[in-house]
Amino acid sequence: MHAGLSNVRPCAGLSTSSLYNRRALPRFAVTVVVLALIAGAAVAFAATERLKLELSPVTGPRFDRRFSPVCECNTAKADLSVRFRRRETVDATIVDDRGKEVRVLATNEPVARGRHRFVWDGRDEVGGIAPDGVYRLRLRLDRSGRTILVPTTIRLDTTAPEVILVRVRPDAFSPSGGSAKRHAKVVYRSNEKGEPEILVDGQGAVVGKIRAKGRASINWKGTVDGKLVKPGTYDVGIRVTDLAGNVSEPTRTAAVDVKP
């Protein structure tokens, strides 16, 4: 006679309820872990939202957005000004677009409430000129216990524009009028936005307003530094200074007759 199911007995010392509890224990552990993860995520979310609602201890960045440490001009250094909401002790560092430290500008520097200025000369920690590119200012605030990467970017640019003289027309004009044109139009092409300057016999004569990159023009009315030149033939060219302060090489010239 085969033993029926009713003849099956639990192992000695192990009740049916114990078997159930052992099966339920892993399920209970998983539930605890899931609840802990949910609680942790909720705490992190709450902390993030609280930080969003808090006023930033640093505000109002006023940066020189583009500069050239090789231009020997007033844009050879970048002024980086920010406003602090309260007194702080600050570490200020320039970082590149990957977050790598390039230059330490200040260490444990006490700053008062209000606007404070840092200056970067475009050099790295060993004194070399940093590569052309985009950089940011990172501030570690000891009192607030926060590190802030200021979103405003600084572009270091040491490359001069490339400029081509397209034409100068007409090749003869009279500033006083008469039957001739009163000015010559100097047409050029530049690969950067910048400020054009007409060159007359190799010397700077007239500075124009900033033009966009590409094809542009500026008129020459026969003056150098605001004074009319004498009648004669002049070699007219152009150069462009970009927004960082880099100056292009002079272009080729075109002969222009200035008539009485």
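Above this text is the structure in question.
Here the structure is a predicted model, which means the values were calculated and not measured. (Residues numbered from 1 in each chain as written. Predicted model: local features only at pLDDT ≥ 70, side-chain atom pairs only at ≥ 80, totals over all residues. Heavy atoms only, no water.)

Asks: Which parts of the structure should I look at to understand the environment of Asp142?
Replies: Within the fold, Asp142 resides in the loop between strand 7 (133-141) and strand 8 (146-149). Judged by relative accessible area, Asp142 falls into the partly exposed class, the value being 47%. Sequence separation of Asp142 and Asn108 is 34 residues, and the distance between their C-alpha atoms is 8.1 Å. (Helix = DSSP H or I, 4+ residues; strand = E, 2+ residues; numbered from the N terminus. Buried < 20%, exposed > 50% of the residue type's maximum accessible area, 1.4 Å probe, protein only.)

Asks: Before we go on, may I ask you to explain the sheet that holds strand 18 (residues 232-242) in this structure?
Replies: By definition, the strands of a sheet pair up through backbone hydrogen bonds, in either a parallel or an antiparallel sense. Across the sheet, five strands lie side by side as 11-19-18-13-14; this open sheet has mixed pairing. Each edge of the open sheet is held by one strand with a lone partner, namely strand 11 (172-173) and strand 14 (203-207). Both strand 13 (residues 194-200) and strand 14 contribute to a ladder of four bridges, which runs antiparallel. Bridging across to strand 14, Ile198 finds its partner in Val206. (Pairing = 2+ DSSP bridges.)

Asks: Is there a simple way to think about the state of the cysteines in this case?
Replies: Here a disulfide denotes a covalent bond joining the sulfur atom of one cysteine to the sulfur atom of another. Taken as a whole and assessed by the stated rule, the structure comprises one disulfide. Note that Cys71 is cross-linked by a disulfide to Cys73, the S-S spacing being 1.9 Å. Across the S-S bond of Cys71 and Cys73 the torsion is about -90°, and the bridge reads as left-handed. Residue Cys73 is classed as partly exposed on the basis of its relative accessible area of 29%. (Disulfide = S-S within 2.5 Å.)

Asks: Please clarify how a positive patch on the surface should be interpreted in this entry.
Replies: There is a patch of like positive charges on the surface, built from Arg167, Arg169, Lys181, Lys185, Arg189, Arg215 and Arg252. Elements with a minimum of two residues in the positive patch: strand 10 (163-169) and strand 12 (184-190). Along the polypeptide, Arg189 turns up in strand 12. Residue class for Arg189 comes out partly exposed when judged on its relative accessible area of 40%. (Patch = residues over 30% accessible without salt bridge, like charges linked within 9 Å, V, L, I, M, F, W, Y side chains within 5 Å. Areas by Shrake-Rupley, 256 points an atom, 1.4 Å probe, with all protein chains shown as cover. Salt bridge = Lys/Arg side-chain N within 4 Å of Asp/Glu carboxyl O. Lys, Arg positive; Asp, Glu negative; His and termini not counted. Charge placed at Lys NZ, Arg CZ, Asp CG, Glu CD.)

Asks: Quick question: what am I supposed to make of the packing of aromatic side chains here?
Replies: What characterises a pair of aromatic rings is the spacing of the ring centres plus the angle enclosed by the ring planes. For the structure shown, the criterion picks out four aromatic pairs. Summarising the aromatic geometry, the rings of Phe173 and Trp220 are spaced 5.6 Å apart at their centres and angled 75° between planes, so their arrangement reads as edge-to-face. With a gap of 47 residues between them, Phe173 in strand 11 and Trp220 in strand 15 (residues 214-220) connect regions that are remote in the sequence. For Trp220, a relative accessible area of 0% gives the class buried. Measuring from centroid to centroid gives 6.2 Å for Trp220 and Tyr234, while their planes differ by 75°, and the two rings are edge-to-face. Here Tyr234 lies in strand 18 and Trp220 lies in strand 15, a separation of 14 residues in the sequence. Judged by its relative accessible area of 15%, Tyr234 is buried. In textbook terms, an aromatic cluster arises when at least three aromatic residues are bridged by ring pairs, as seen for Phe67, Trp120 and Tyr135. (Phe/Tyr/Trp six-rings, centres within 6.5 Å; stacked < 30°, edge-to-face > 60°.)

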